[in-house]
Amino acid sequence: MLTAALERFHAAHPWDHNAHYHRWIMRQLPSRFGRALDAGCGSGDLARLLATRATSVQGLDVDPTIVARARELTAPALPVTFTVADALTGTPPGPYDVITCVATVHHLPFADALAHFRRHLAPGGTLIVVGLARAQTRSDYLLDVVAIPLNVAMAWIKNRGRKAPRPVAMTAPVKAATMTLPEIVRDARRELPGARLRRRVFWRYTLVWCSDS
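These lines cover the structure that appears in this document, whether it is placed above or below. Quick caveat: nothing in here was measured; it's all calculated off a predicted structure.

## Thoughts on the sheet that holds strand S2 (residues 54–61)
Sheets are built from strands paired through backbone hydrogen bonds, the pairs being either parallel or antiparallel. Taken in spatial order, the seven strands line up as S3-S2-S1-S4-S5-S7-S6 in an open sheet, and their pairing is mixed. Each edge of the sheet is formed by a strand with only one pairing partner; in this case those strands are strand S3 (80–84) and strand S6 (196–200). Looking at each pair of strands side by side, their axes are set apart by 15° on average, direction ignored. Of the pairings in the sheet, the one linking strand S5 (residues 121–131) to strand S7 (residues 204–210) comprises six bridges and is antiparallel in character. Paired with Leu127 across the bridge in S7 is Trp209. Strands S2 and S3 of the sheet are contacted by helix H4 (residues 64–73), whose axis makes an angle of about 165° with S3. Sheet contacts for helix H7 (residues 181–191): S6 and S7; angle to S6, the most-contacted strand, approximately 165°.

This is the structure in structure tokens:
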């Protein structure tokens, strides 16, 4: 009964958990930088935000419907290009000074994706991943439980207590995470020595890696 009530509440008061981390991502980046790649760009919210600092931004997503929406929502004057392609096989040639990947890397072979991004990153560049992990341990499930009331509060605050339609970004296809956080940490340390990983609320973790680390 509680689960059903929560589902009804969030259906009426949706909010984008991934966009919640966009401002945090921007705080990890320089005030100005050159080329940026947003892998799994969805409706382009983060790509447009990156364009306020970047010389050019390449948004990449495998779903043609959400890419079409991204193009519709993006002003022609912004230096953003959207491409329909798989992140591992269709990335336009780099290097990129910034690569972001939000709620996408769990759709890909994880270690291969990290190695791919590493190869496309310019010297001194920054890779930022916001990802999902599969709950496994008691602490994982405890954090999930703690996140529930915070999630309700955030939904109420972001929607100002009113009902709202789903954000465009939330219409993209989704997939459940299959890797646990220890598995993610293991592969990240192997592919990206010195990467900084941190567990976050709202069922997310973050990874930051600089190519000179």
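## Some thoughts on the pairing of strand S1 (residues 33–39)
In terms of burial, S1 is a largely internal element, six of the seven residues being buried. With six bridges joining them, S1 and S2 adopt parallel strand pairing. Bridge assignment links Arg35 to a residue of S2, and that residue is Ser56. Handedness of the β-α-β unit built from S1, helix H3 (residues 45–50) and S2 comes out right-handed. Bridging between S1 and strand S4 (residues 96–102) involves four bridges; their strand directions are parallel. The residue bridging Leu37 from the neighbouring strand is Ile99, located in S4.

## Details of the environment of Pro167
Summarising the element assignment, Pro167 is placed in the loop between helix H6 (138–158) and H7. Spatially, the C-alpha atoms of Pro167 and Ser43 are 9.4 Å apart, while their sequence positions differ by 124 residues.

## Things to note about unusual backbone geometry
A cis amide bond links Gly94 with the next residue in sequence, Pro95, at an omega value of 5°. Position of Pro95 relative to the elements: it lies in the loop between S3 and S4. Positioned with a positive phi, Ala103 is a non-glycine residue whose angle comes to about 55°. The class for Ala103 is buried, based on a relative accessible area of 16%.

Parameters at a glance
Residues numbered from 1 in each chain as written. Predicted model: local features only at pLDDT ≥ 70, side-chain atom pairs only at ≥ 80, totals over all residues. Heavy atoms only, no water. Pairing = 2+ DSSP bridges. Helix = DSSP H or I, 4+ residues; strand = E, 2+ residues; numbered from the N terminus. Axes fitted to C-alpha atoms, helices over the stretch in contact; angles between N-to-C directions. Contact = heavy atoms within 4.5 Å. Buried < 20%, exposed > 50% of the residue type's maximum accessible area, 1.4 Å probe, protein only. Right-handed = clockwise from strand over helix to strand, strands pointing away.

From the geometry alone we can't say anything about function, so treat these as descriptive.
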